[in-house]
Structure formats: C-alpha cells, structure tokens
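Structural features, examined
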Amino acid sequence: MKYCSDCGSNEMNWTVPSDDNRPRHVCSSCETIFYQNPKIVAGCIPVWEDQILLCKRAIEPRHGYWTLPAGFMENAETTFEAAERETREEANAEVENLDLFTVLNIPHTSQVYMMFRSQLRSPDFSPGVESLECKMFREHEIPWRDLAFPTIVHTLKFFFEDRKQNDFKLHAGDIVWGDGRAEYFHRRDV
C-alpha cells in the first residue's frame, strides 16, 4: 500500500501493530490498521447423470486449460450463492442440491477453495464470457494433463474415488507449493 484509503496519507508502514502478532499496513497519520485476509473461491462440480461439466478458461491465469466453474466470492453473498453464480457466469448452467465437498487451503496464494457437489437442472449449458468452451466429461474422458489448477485435480480425484465407493465425504486439506510443484496435504475427511 502506498496511500491510506481512510485519510489519503502516504505515510504507510509495514509493521506489527501493538496487540497483534503479524505485520500489517499501518497508516502513521491516522493509525488505521489494514487487515488483508484470504480470498474465498467457491465453485461447483456440476453433475449430469455420469458426466461432469468442465469449462475451458478464456482468461488468465491458465488460459485454455480446463476447470470446474468457480471464482471469487462477492460481498453480500453466501458460498452457495457464489458457487451457483460462478456456474451461471462461466457455463450458463443452473445447478441445485449443492453439498460442500472440498475445502482446500492454499497459503501461498492466500486463497481458500470451497467446492460443492451439485446437480445440473438440465443438460443446457454454453460458454460464458470467461470460458472458451464448456463440455461434459465422463471419468475416463477427463483431460487430466490440461486441468488448470491443483485444486481442480484434487477435487475431481476425490469425487471419482468417493463415487466409486458410493460414499461422498467432505475433504479438507492444504495445497502447498514446494520443490517446484503443488503438493496436497490431507487434513481430514468428514
């Protein structure tokens, strides 16, 4: 931060405020402390019969790669509403029966992914402005090497494993960057 959004001062410091344990942007003029917190990404695993709807990204990062419909939560909406909205925006599709499936913490990007199992209301979909293409895939057709993010890879692996067992659980874990790759660390299944 170069300027205080409260008073306009350019006297910003990166310091640990009293009664805190982490460095924050603090305005020396008005003493406002700015807390930057992780962003929540909400999305869906849209299912129709034995197929999953994926979207090919029309935006960076990972332009041209496949993903589940997901995106940043907006103010004044729930995680369920965010997941439904992102599915509508990216695939012009309507979903129902949302059930939280994965919670994935990504400390190196300060993001938390919350992905919901869902049912498509109909097989009607088309690319939204953030998608080049939308397509239904059976498990053996998933373009694993062309998936955009580790969160999507792990969510889909958990989904297909659970579907084989006919026992869907809540999966929680961390995706941590190390040794030039993203690694998954399991927290728990509920």
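Structure first, text after, so check above.
Predicted, not measured: the structure shown is a model, and the values here were computed from it.

Parameters at a glance
- Residues take numbers from 1 onward in each chain, read along the sequence in its written order.
- Only residues with pLDDT of at least 70 get local features here, since the model is predicted, and only at 80 or more are side-chain atom pairs given and counted; chain-wide, interface and lining totals rely on the full set of residues.
- Where side-chain values are given, they derive from all heavy atoms of the structure, hydrogens and water being excluded.
- Two strands qualify as a pair provided DSSP detects at least 2 bridges between them.
- Runs of E in the DSSP output that reach at least two residues are strands. Runs of H or I that reach at least four are helices, and both are numbered from the N terminus.
- Any two of the Phe, Tyr and Trp rings considered here, Trp counted by its six-membered ring, make a pair once their centres fall within 6.5 Å; the pair's planes then place it as stacked at under 30 degrees, edge-to-face at over 60, or tilted in between.
- Burial classes: relative accessible area under 20% of the type maximum marks a residue as buried, over 50% as exposed, and values in between as partly exposed (1.4 Å probe, protein chains only).
- Consider the ring centre and the ring normal. A charge sits over the ring if Lys NZ or Arg CZ is within 6 Å of that centre and within 35 degrees of that normal.
- The span expected for a helix works out to 1.5 Å for each residue beyond the first.
- By definition in these notes, contact holds between two residues if any of their heavy atoms fall within 4.5 Å.
- The nonpolar core is taken to be a set of buried Ala, Val, Leu, Ile, Met, Phe, Trp, Tyr and Cys residues, with the residues joined through side-chain atoms within 4.5 Å.
- By definition, a salt bridge exists where a carboxyl oxygen of Asp or Glu is found within 4 Å of a side-chain nitrogen of Lys or Arg.

1. Points about the sheet that holds strand 1 (residues 12–15)
Overall, antiparallel pairing links the three strands, which are arranged 1-2-3 in an open sheet. Two strands bound the open sheet, and with one partner strand each, they are strand 1 and strand 3 (33–34). Pairing of strand 2 (residues 24–27) with strand 3, which is carried by two bridges, proceeds in the antiparallel orientation. Bridged to His 25 within strand 3 is Phe 34.

2. Structural notes on the packing of aromatic side chains
In this description, a pair of aromatic rings is defined by centroid distance and the angle of the planes. The tally for this structure, following the rule as stated, stands at eight aromatic pairs. Aromatic side chains Trp 66 and Phe 137 sit 5.1 Å apart centroid to centroid with 80 degrees between the ring planes, which places their arrangement in the edge-to-face category. With a gap of 71 residues between them, Trp 66 in strand 6 (residues 66–67) and Phe 137 in strand 10 (residues 131–137) connect regions that are remote in the sequence. Exposure remark for Phe 137: the relative accessible area of 5% places this residue in the buried category. Between Phe 158 and Tyr 184, the aromatic rings sit 5.3 Å apart at their centres with planes inclined by 65 degrees, giving edge-to-face as the arrangement. On the criterion of sequence distance, the pair formed by Phe 158 in helix 2 (residues 150–165) and Tyr 184 in strand 12 (residues 181–189) is long-range, its members being 26 residues apart. An identical accessibility class is assigned to Phe 158 and Tyr 184; each is buried. Cluster of aromatic residues (ring-pair linked, three or more members): Phe 101, Trp 144, Phe 159, Phe 160 and Phe 168. If you follow Arg 117 out to its NZ or CZ, it ends over the ring of Phe 168, 4.0 Å from the centre.

3. Notes on helix 1 (residues 79–91)
Spanning 13 residues, helix 1 covers 18 Å between terminal C-alpha atoms, matching the ideal 18 Å at 1.5 Å per step. Looking only at helix 1, the buried set comprises Thr 79, Ala 82, Ala 83, Arg 85, Glu 86, Thr 87, Glu 90 and Ala 91. Structurally, helix 1 contributes buried residues whose contacts are with strand 4 (39–48), strand 5 (51–57), strand 7 (70–72), strand 8 (95–106), strand 9 (111–120) and strand 10. Remark: Asn 92 follows helix 1 within two positions and exhibits a positive phi of approximately 45 degrees.

4. Things to note about unusual backbone geometry
Note the cis peptide between Glu 60 and Pro 61, where omega equals -5 degrees. Within the fold, Pro 61 resides in the loop between strand 5 and strand 6. One non-glycine residue, Arg 62, lies in the positive phi region at around 70 degrees. The residue Arg 62 is located in the loop between strand 5 and strand 6 in this model. Here Arg 62 falls in the partly exposed class, since its relative accessible area comes to 32%. Even without glycine at this site, Asn 166 takes up a positive phi of about 55 degrees. With relative accessibility at 67%, the residue Asn 166 sits in the exposed group.

5. Some remarks on the nonpolar core
In terms of nonpolar packing, the biggest core is built from 26 residues, with Ile 52, Leu 54, Leu 68, Leu 147 and Leu 156 touching the most fellow members. Where this core is concerned, the elements lending two or more residues are strand 4, strand 5, strand 8, strand 9 and helix 2. Setting aside residues no more than four positions away along its own chain, Leu 147 makes contact with Leu 54, Arg 62, Tyr 65, Trp 66, Ile 142, Ile 152, Val 153 and Leu 156. With 18 residues, the next largest nonpolar core counts Ala 83, Val 95, Leu 120 and Leu 170 among its residues.

6. Concerning the pattern of salt bridges
Inspection of the entire model under this criterion finds 11 salt bridges. Close ionic contact of Glu 89 with Arg 85 constitutes a salt bridge, the shortest N to O distance being 3.1 Å. Highlighted residues: Glu 89 and Arg 85, both in helix 1, separated by four residues, approximately one helical turn. According to the relative accessible area criterion, Arg 85 is buried, its value standing at 13%. A salt bridge links Lys 169 to Asp 162, with the nearest nitrogen and oxygen atoms 4.0 Å apart. In this structure Lys 169 comes out as partly exposed when scored by relative accessible area, which is 27%. Overlapping salt bridges, with partners in common, bring together Glu 77, Arg 85, Glu 86 and Glu 89 in one network.

Keep in mind these values describe shape, not function.
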